[in-house]
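# Results of the structural survey
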Amino acid sequence: MIDKLRIVKQRFDEVSDLIIQPDVITDQKRYVKLNKEYKDLKKIVDRGEEYQGALANVEEANEIISDGSDAEMVEMAKMQLEEGKETISRLEEEIKFLLIPKDPEDAKNVIVEIRAGTGGDEASIFAGDLYRMYTKFASDKGWKVELEDLSEGTSGGFKEIIFSISGEDVYGTMKFESGVHRVQRVPQTETQGRVHTSAATVMVLPEAEEFDIDLKMSDVRVDYFCASGPGGQSVNTTYSAVRLTHVPSGIVAQCQDQKSQHKNKDKAFKVLRTRIYEVELEKKLQEDSAKRKTLVASGDRSAKIRTYNYPQGRVTEHRIGLTLYDLSNVINGDLNKIIEELKLEENAEKLRASEGEF
């Protein structure tokens, strides 16, 4: 572990020097990337210094105990030795997790797509509940949410809603939400008081940046049309809505949220780039899951990941067998407990896969 920490420290010193170079500061993409690496490496370097300090304390305590000439000092050294061993054990576990290679996608912003599944109007209402849950969760994290496109349900909620979330390490947190979410409750339209099961599908995609995808304009067909839905009279009378089709793949993205055709076009391109990027990411996730178990849904969008049971106030996270009787807080955006448990399980799995390296 000392050797690994030494290598990390060398890289940390290199990055520390690079981020103050004028040519790096003027290259924003490179600067942002190196700044993120600096922060990640600093966590390991700080823990490494603590670890080496604890090792030195243990060594000093052992020397005093071996000498044995001062009984009072020996007693203090024994206490120091015990504390030092506990600190070393704790720090070794922390450092092992910090040394696990981070997925470069984790730092990205995301595009989230929620689609109503089985359950008719109730599924659309539930899709709306999930959208509110994520916007509240994002707000608590200090992240920014921006609506990209939507299709409203007939009795409230959404048949489909697409929005982006930007902030620090958004994909690393939100990626666990991909999959089928089920709700068990009495629908507003139910007169007999019977509990129904409805579902909505959530897809969380790391937002592709322009340099991630070589998107040729000659491959994209652009169509303009009149928007429908809320937004004032001008929405329905001007060709402000934009639909983009990536001809080679057939992937489509559209946006009609803004009154400005230009803004809608920019948003649609953001979604299109991300959907094209997703195809490559899906291959990577499938390769990863072939090597080890992964909690992040990839190609299998039918995987039921979580159930929200209203009569019992219960949320069940099926992937790790976690049950919380805290539905009202969860649906109001308090996802921290669930996501932290999923992250722990993912890290434990990565640690098991790399155990031979420590």
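The notes below deal with the structure included here. (Residues numbered from 1 in each chain as written. Predicted model: local features only at pLDDT ≥ 70, side-chain atom pairs only at ≥ 80, totals over all residues. Heavy atoms only, no water.)

## A closer look at the sheet that holds strand β7 (residues 241–246)
- A sheet is described by the order of its strands in space; here three strands give the open sequence β6-β7-β8, paired in antiparallel fashion. Whereas interior strands pair on both sides, the edge strands pair on one side only; in this sheet they are β6 (220–225) and β8 (251–255). Neighbouring strand axes in the sheet, compared pairwise and without regard to direction, differ in orientation by 15° on average.
- Note: β7 against β8, five bridges, orientation antiparallel. In the strand pairing of β8, Val242 is matched with Cys255. (Pairing = 2+ DSSP bridges. Helix = DSSP H or I, 4+ residues; strand = E, 2+ residues; numbered from the N terminus. Axes fitted to C-alpha atoms, helices over the stretch in contact; angles between N-to-C directions.)

## Describing the pattern of salt bridges
- On inspection of all chains with the given rule, the structure shows 26 salt bridges.
- In this structure, Lys42 and Asp46 form a salt bridge, with 3.0 Å as the shortest nitrogen-oxygen distance. One end of the pair is Lys42 and the other is Asp46, both in helix α3 (residues 28–67) and four residues apart, which spans about a single turn.
- Note on Lys42: relative accessible area 33%, which makes it partly exposed.
- On the accessibility criterion, Asp46 (31% relative accessible area) is partly exposed.
- A salt bridge links Glu113 to Arg115, with the nearest nitrogen and oxygen atoms 2.7 Å apart.
- Classification of Glu113 as buried rests on a relative accessible area of 2%.
- A relative accessible area of 30% places Arg115 in the partly exposed class.
- Each of Arg47, Glu50, Arg90 and Glu94 takes part in one network of salt bridges that share partners. (Salt bridge = Lys/Arg side-chain N within 4 Å of Asp/Glu carboxyl O. Buried < 20%, exposed > 50% of the residue type's maximum accessible area, 1.4 Å probe, protein only.)

## Focus on the side chain of Asp106
- Along the chain, the position of Asp106 falls in the loop between α4 (71–99) and β1 (110–116).
- A polar contact is formed between the side chain of Asp106 and the side chain of Lys175, at a distance of 2.9 Å. (Polar contact = N/O pair within 3.5 Å; in protein donor to acceptor, adjacent residues only side chain to side chain.)

## Concerning the packing of α3 against α4
- Viewed as axis vectors pointing N to C, α3 and α4 meet at an angle of 155°, and their least axial separation amounts to 8 Å. The pairing of α3 with α4 is recorded here as roughly antiparallel in orientation. Of the two possible hands of crossing, α3 and α4 adopt the one that is left-handed.
- Here the contact of α3 with α4 is composed, by residue class, of 17 nonpolar, six polar and nine charged. (Parallel < 35°, antiparallel > 145°, perpendicular 65-115°, else oblique. Left-handed = near helix turned anticlockwise from the far one by under 90°. Nonpolar A, V, L, I, M, F, W, Y, C, P; charged D, E, K, R; others polar.)

## Description of helix α1 (residues 2–18)
- The end-to-end C-alpha separation of α1 is 24 Å, in line with the 24 Å expected for 17 residues at 1.5 Å each.
- Close packing links the buried residues of α1 with α3 and α4. (Expected span 1.5 Å × (residues − 1). Contact = heavy atoms within 4.5 Å.)

## Some words on the nonpolar core
- Ranked by size, the top nonpolar core spans 37 residues in total, and within it Ile114 and Tyr308 carry the most contacts.
- Breaking this core down by element, the ones donating at least two residues are β1, α5 (120–141), β3 (158–166), α6 (170–174), β5 (196–206), β11 (322–324), α9 (327–331) and α10 (336–353).
- The leading source of residues in this core is α5, at eight residues.
- Filtering out sequence-adjacent residues up to four positions away, Ile114 remains in contact with Ala127, Leu130, Tyr131, Tyr134, Lys159, Glu160, Ile161, Phe163, Ala200, Thr201 and Val202. (Core = buried A, V, L, I, M, F, W, Y, C linked by side-chain atoms within 4.5 Å.)

## Some points on α4
- Spanning 29 residues, α4 covers 41 Å between terminal C-alpha atoms, matching the ideal 42 Å at 1.5 Å per step.
- Buried within α4 we find Val74, Ala77, Leu81, Gly84, Ile88, Leu91, Ile95 and Leu99.
- On the buried face of α4, the contacting elements are α1 and α3.
- A side-chain oxygen of the first residue of α4 lies 3.1 Å from the backbone nitrogen of Glu72; this N-cap is Asp70.

## Here we look at the pairing of strand β9 (residues 304–309)
- The buried fraction of β9 amounts to five of the six residues, a majority that puts the element mostly inside the structure.
- When strand β4 (residues 179–185) meets β9, the two strands line up parallel, connected through five bridges. When the bridges of β9 are listed, Arg182 appears paired with Thr307.
- Alignment of β9 against strand β10 (residues 314–317), held across four bridges, turns out to be antiparallel. Each residue of the ladder has a partner; that of Thr307, found in β10, is Thr316.

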